[in-house]
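# Overview (structure and organization)
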Number of protein chains: 4
Amino acid sequence: MHQPGRQFLHTPGPSAIPDRVLNAMHRQPLDLSDPQLAEIVQSCLDDLKLAFATAGDVFIYAANGHGGWEAALSNIFAPGETALVPETGYFSESWASHARMLGIDTQIMPGDIRRAIDPDRLEATLRGDGAGRIKAVLVVHADTATGVASDIRALRAAIDAARHPALLVADVVASLGAAPFRMDEWGVDVAIGASQKALMGPPGLAFIAANPRARAAAVSVSRPRHYWDWEYRAGVEGYRRFCGTAPEHGLFALQAALNMLREEGLVAVQHRHARLARAVWRAVEAWGVAGDLCVNALRPDERSTSVTTILTPSGFDSGRIREHARECRGVALGGGLGALAGRAFRIGHLGDLNEPMILGCLAAVELTLRDLGLRCGRDGLPAAIESLASSGSPPGAPKTPRPVAVPA
Amino acid sequence: MHQPGRQFLHTPGPSAIPDRVLNAMHRQPLDLSDPQLAEIVQSCLDDLKLAFATAGDVFIYAANGHGGWEAALSNIFAPGETALVPETGYFSESWASHARMLGIDTQIMPGDIRRAIDPDRLEATLRGDGAGRIKAVLVVHADTATGVASDIRALRAAIDAARHPALLVADVVASLGAAPFRMDEWGVDVAIGASQKALMGPPGLAFIAANPRARAAAVSVSRPRHYWDWEYRAGVEGYRRFCGTAPEHGLFALQAALNMLREEGLVAVQHRHARLARAVWRAVEAWGVAGDLCVNALRPDERSTSVTTILTPSGFDSGRIREHARECRGVALGGGLGALAGRAFRIGHLGDLNEPMILGCLAAVELTLRDLGLRCGRDGLPAAIESLASSGSPPGAPKTPRPVAVPA
Amino acid sequence: MHQPGRQFLHTPGPSAIPDRVLNAMHRQPLDLSDPQLAEIVQSCLDDLKLAFATAGDVFIYAANGHGGWEAALSNIFAPGETALVPETGYFSESWASHARMLGIDTQIMPGDIRRAIDPDRLEATLRGDGAGRIKAVLVVHADTATGVASDIRALRAAIDAARHPALLVADVVASLGAAPFRMDEWGVDVAIGASQKALMGPPGLAFIAANPRARAAAVSVSRPRHYWDWEYRAGVEGYRRFCGTAPEHGLFALQAALNMLREEGLVAVQHRHARLARAVWRAVEAWGVAGDLCVNALRPDERSTSVTTILTPSGFDSGRIREHARECRGVALGGGLGALAGRAFRIGHLGDLNEPMILGCLAAVELTLRDLGLRCGRDGLPAAIESLASSGSPPGAPKTPRPVAVPA
Amino acid sequence: MHQPGRQFLHTPGPSAIPDRVLNAMHRQPLDLSDPQLAEIVQSCLDDLKLAFATAGDVFIYAANGHGGWEAALSNIFAPGETALVPETGYFSESWASHARMLGIDTQIMPGDIRRAIDPDRLEATLRGDGAGRIKAVLVVHADTATGVASDIRALRAAIDAARHPALLVADVVASLGAAPFRMDEWGVDVAIGASQKALMGPPGLAFIAANPRARAAAVSVSRPRHYWDWEYRAGVEGYRRFCGTAPEHGLFALQAALNMLREEGLVAVQHRHARLARAVWRAVEAWGVAGDLCVNALRPDERSTSVTTILTPSGFDSGRIREHARECRGVALGGGLGALAGRAFRIGHLGDLNEPMILGCLAAVELTLRDLGLRCGRDGLPAAIESLASSGSPPGAPKTPRPVAVPA
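Remember, it's a predicted structure, so these values are computed and weren't measured experimentally.

Attention now moves to the sheet that holds strand S1 (residues 8-10) of chain D. Residues and elements named next belong to chain D. Sheet architecture is open: five strands sit in the order S1-S13-S14-S12-S11, paired in mixed fashion. This sheet does not close on itself; its edge strands, each paired only once, are S1 and strand S11 (294-295). Pairing geometry for strand S13 (residues 331-335) and strand S14 (residues 344-348), over two bridges, is antiparallel. Bridge pairing in S14 places Gly-334 opposite Arg-346.

What follows is the structure, given as structure tokens:
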């Protein structure tokens, strides 16, 4: 059906792509041997290192986030080796399942999908692995299914406290760019990102950052691999970087997006995500006061700034929200996944987003909830506006608004 | 300064351009003799006739709206002939001034810029012109400076009641597409439109619709003219249509935009504009209850569905709203014009617009008003949402929302 | 009919638009009060002054080249005043006819359409105008119908030699950017350009450069005008520059195109046009040796570097070449115009063009000529290649190719 | 360095992308659950089946051609199983090396890189494998390094004649779309394609077609895999098709490109490739008569219609041709690969290509050869033009050109 106006894309990825990025893709391919291509790749790699905050190596794959998982797993684990996956929700589940498909002995560390990963439990689990069989701990930084973000630094501390040699592998697909992440400082060995979330590009690229410890571990792993192989891709010939033809248009887009990130400033981008996320939480809380909705993440400091998962009343099929919002109210939302299927919907608030975009989204969500007869407070938008009005100046706003002399 | 996210363009023109229209422009030129070009032009002319609701002739000019004025005036008036311009605000003023520059004896019929043109007054004025010196009445359908729309049909009735031979010339630049307009049925002789308002294209094209009576009048007008001349442009050779090279990319864009209008349905488009406009009025009224703001147009039935002009407190420089909104809150608004300079701001709500877009705009306006210390009620967004929730289904919405059984 | 591959657009305007220019147009409009818009306009005006080589004023119109003619004529001539138009071909004819429509007493100075305007004849004609009735001489620099270019500097010298006060007005629509033009140095008072030729933009903008003498003359001209009026457009308020809404997308494109011109270097661009034009002439001459074709312009130093007009055998309808080339051989050519209708075709070689583009065009023209049974030599391409190989290095080519030691 | 005009991209992939395909990519992402996405994917799969001429399954991967190799190898071979790779040139070499990295016991069947794979030799080799250890024969249909194409149908006949159970796996990356390929009819079990060659898209997608025999074989292969796994991707849930997020923009482009292929007609596209390839061969032969160049593929019926590899004189570094052509003459060519490194260059003539494009390319190549002092005949272009003039009508050309009566 024809829908006038701009679609508000508020799934937790892919996210809205800036015009500048789309324009960067709107061009003829480069001859693969053209020096301009090498420059573009280098510019992307340099900026990705800044985004990961690492001095390690970064690899770019023509693949999606699951391809990124496979790249990390293939290099680190031989079949039969052991991974520990702390439960965070649908994406820890999927990753664990992916690992099993690759012949990896995968242990789940149970968790509460409304809470961050418990570092104490991780420490205890690793202490229990006296034989040191666990080769790596695979953690999802922000599980987009639950909207919960874990404290990566604390998880590294837990591993260290347990004096366990496990590598720390972090899926930062949903968080990279949107939330602080400092790979080297936090002791992460491998991190996995993708192009279509806070990095504002089209889907189609996965990124791996690997520190020297991970690179060294990979060398001795006995698993046949080539496309994903770090050692091969690290070779000097340009075509090895991508194990064949470079995904040029993805790279053109990525370069433009990373330029934008750098120009706005990584910290400013993260601050912006946090401001907009708070506005969403205030709205959901205001709707919930008189109603049936609540943010899944129980603790404010464990909420992802990329996506908010909202629980719906039992007995109501939350899938209707997604469908109705998209078909009738012009906003695309995420649905409930895994244990939350049918019981939640999700608002993505990541990427190239600003205040009127998120406020327009929230208003359309409220219209959707009302259309479907869900009880919902009327103060959602005022609460979100209040949050933005009072939570510090938006970029460029005068620090102290000039006073207005209005005659009574 | 870098601003993340999409700019919300809420000036009363140019308006947001749909991606499909931008894509249509993103192409190489056509050889001017390519039959495809003739087909595109014909498709535009056919659709413009539907938009004007006329069986008369339509002319497309590489020009802006002022060029459209000049095209109409040049064909209808010899120097020294007389025009009557009912005052509606800044645009009636500008048009009258334009007419004077073309040597036309221009009379202003005074009016109230918070009200529509008074048909009785028009009738009386014309009755006073016993000599029939007034050759045409030039009315602005929706004056974008004031947000007031006049009743064109009533004005024609007034002319007829006065038994005056004056032509009726309507500037529908801001209303065409957004509000009902039926040129032939309403007895309009000449109508003037432009590409960059509700027709969703880039600025650069002006349109004239002229009925046989206007065409006949033009033939006998003694004024040297060529670029604007209808008679010349009506010739059979293709290059005469544009008096030279066709503005191809404007036409590519126009064709795509008119296709979209036709697909959505002209009546549906006007209904959508009315729904979104009402949401804006509800918000402004809610802000105003506790505050200092009000809609300029005094009567609801005289409000333009394209743009709302909002009066600000005396003593406050309304220009600050426009600047702050654009620089700090991500929304581009119109300023006060003419008599309202410094005393009003304007929200454009025309073109390719939907609910989350206008709601996001309104929320950003509220943030702006608060930033600048203006007193303003907090119920603006709830009122706008309520208006949309209750004012009929949006396109595609189920007529009767399925009831939800939520356990208490 | 579907045609694979890129269309070769070799009409003498519009010309191929660079991707960078199309990308610049692929964006949302700017709020008309956005300071970015003023910056873009200023950048365009500054670069146009460089292109015209003038310290005078430049005006940009939403219009086509004929609109540019009208702008110049409206400002300079009151009805009844006299213009002298030296005959150059279809475009001098059209311009004269345009002038007459504006009430200007227009005298044609006869000429040979295979030769440049004769300065001696101009001098004699002006000497014959003892009363000084001729207010301005209107010359087409490169008449795209004939492919002949005149020597503007010599024409100014002729006017001066006749001690005649006439203004010199030059149509440089087809030559601006492609051929040297130095308005101030050559004593041109008004020059008229357009966007869609060597300036590489989409059609839709006309440019006027006017020196102080022309500006002064315009002030005293008694002709009602507004859209075209220089005095009004020279006012300080931004909206006066365009007499209303700015043609934003045309300006976005223009800025990008002028940036490209500046980066390549205006002299380098002209040198490139001359090189490519020579290759075309060599090809036509080689086809003609055994055949029926010749370049219309009799003297090499009077050939336009923008377009070559090629005469076809009498008895052959040259319109078939244009149609067949476009429908079957993938290249769009110009047809014969005016006195040359049916007797010539034209190859445009202006704008964003390089060697393989013009050589591919020439090869497709040869295929067309053969398809239609015209006698034509087989050495056209070798001659064109030889011309390019020997006529100096292309941009970036090593000055002295490194010698190759190939074993016999 | 700035280069005016359009770059002629004549590497054997990526190839020039049609504007329509670039426009299709220029859009916002779709919500992954939007039914429109499923429709786009289905349209791509249906059209790919037509392109492969198979009733089997097609899988689309976010990956490049090497990813396609890995997908095929991972599903068909357990580590330790045996592959036979007939030597064709650099790409058979690379594929064999890729197979070895995946732990596959890889045998090379030696060949002549100027000739197609010898079916008799294949039959003999397979007869020699009495134990049936060879699980699959991996053949490159058109090796882009050598420009030689093999007869896939004859290779299947050889396998059958040897009564060997080996699967036949064909890399049709360079030929798919450009040359006839009928997977089911020819008895190919698995075929591998990619987006950036004759399919006219940006690089980033690999395609696998697998018949039921291959699918059955894959099920029993004991190799840990997930991203590449056919069985998983064949599942009903939409997200399984891509093992995660769909590469949306690649799919948008692919759909548009496949629509174009279907509209032109697959047979017409192949015919067009053959015509243009012949023109290239005629040019190279004419250059070579007086010079030092020859087509690598010894037999005309074994030449690829996608790419022509041209041998250069010994003692000359052919890399200079590629660099000079790109930097100075505006055309991007392929270099020599593998055994031909430094001894050959390659002209890609595949994808969205027409006559003036390939003729312009050839002319620029001739300029390059002359610049570098290589001996080369002057009749290259006339020979290419003659080939096109006489080799049947181009699309849309009148079957019998109307005779022209030209007076002597």
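So, about helix H8 (residues 212-219) of chain C. Residue and element names in this part refer to chain C. Within H8 the residues assigned to the buried category are Ala-214, Arg-215, Ala-217 and Ala-218. Along H8, the residues classed as buried sweep out an arc of 160° about the axis, all on the same side. More than 90 degrees from the buried face of H8, the exposed residues found are Pro-212 and Val-219. Considering only its buried residues, H8 is in contact with strand S2 (57-62), helix H3 (65-76), strand S8 (167-171), strand S9 (190-194), strand S10 (205-210) and helix H9 (230-233).

Once that is clear, we can look at the pattern of salt bridges. Taken as a whole and judged by the stated rule, the model has 116 salt bridges over all chains. A salt bridge links Asp301(C) to Arg299(C), with the nearest nitrogen and oxygen atoms 3.1 Å apart. Accessibility expressed as a relative area gives 58% for Asp301(C), which makes it exposed. Taking the shortest distance from any N to any O, the salt bridge between Arg299(D) and Glu302(D) comes out at 3.7 Å. What makes Arg299(D) partly exposed here is its relative accessible area of 38%. Overall, the relative accessible area of 9% leaves Glu302(D) in the buried class. Three or more residues joined by partner-sharing salt bridges are found here, namely Asp31(A), Arg322(D), Arg326(D) and Glu327(D).

Residues and elements named next belong to chain A. Residues at a pLDDT of 70 or more form 95% of chain A, whose mean pLDDT is 95. This model gives residues 398-408 a pLDDT under 50, and the stretch forms 18 contacts once residues within four places in sequence are excluded. Interface confidence for the predicted complex, given as ipTM, is 0.96, next to a pTM of 0.96.

The partner chain A presents 55 residues to the 55 residues of chain D that form the contact. For Asp31(D), the salt bridge identified is with Arg326(A), shortest N-O distance 3.2 Å. Across the chain D-chain A interface, the total number found is 21 residue pairs in polar contact (both at pLDDT 80 or more). Breaking the side of chain D that touches chain A down by element, the ones donating at least two residues are helix H1 (19-25), helix H3 (65-76), helix H4 (90-101), helix H10 (248-264), helix H12 (319-328) and S13 of chain D. Residue composition of the side of chain D that touches chain A, by class: 28 nonpolar, 17 polar and 10 charged.

Here is what the cut-offs are and how they apply
All residue numbers here refer to positions counted from 1 along the written sequence of the relevant chain. Written order determines the labels here, with chains lettered from A and ligands numbered from 1. With pLDDT at 70 or above as the cut-off, local features in this predicted model cover only qualifying residues; side-chain atom pairs require 80 or more to be listed or tallied, and sums for whole chains, interfaces and linings still use all residues. Derived side-chain values reflect all non-hydrogen atoms in the structure, with water molecules and hydrogen atoms excluded from consideration. A strand pair is defined by DSSP finding two or more bridges across the two strands. Strands are runs of DSSP state E lasting at least two residues, helices are runs of H or I lasting at least four, and both sets are numbered from the N terminus onward. Only protein chains enter the calculation, and the probe is 1.4 Å; a residue is then buried if its accessible area is under 20% of its type maximum, exposed if over 50%, and partly exposed in between. Think of it as the arc spanned by the lines of direction from the helix axis to the C-beta atoms. In what follows, residue pairs with any heavy atoms lying within 4.5 Å of each other are defined as contacts. We count a salt bridge whenever a side-chain nitrogen from Lys or Arg sits within 4 Å of a carboxyl oxygen from Asp or Glu. pLDDT expresses, on a scale from 0 to 100, how confident the predictor is about each individual residue. In protein, a polar contact requires one atom able to donate a hydrogen and another able to accept it; more generally it is a pair of N or O atoms within 3.5 Å, and residues adjacent in sequence count only if both atoms are side-chain atoms. Charged residues are taken to be Asp, Glu, Lys and Arg, nonpolar residues to be Ala, Val, Leu, Ile, Met, Phe, Trp, Tyr, Cys and Pro, and polar residues to be all remaining types, Gly included.

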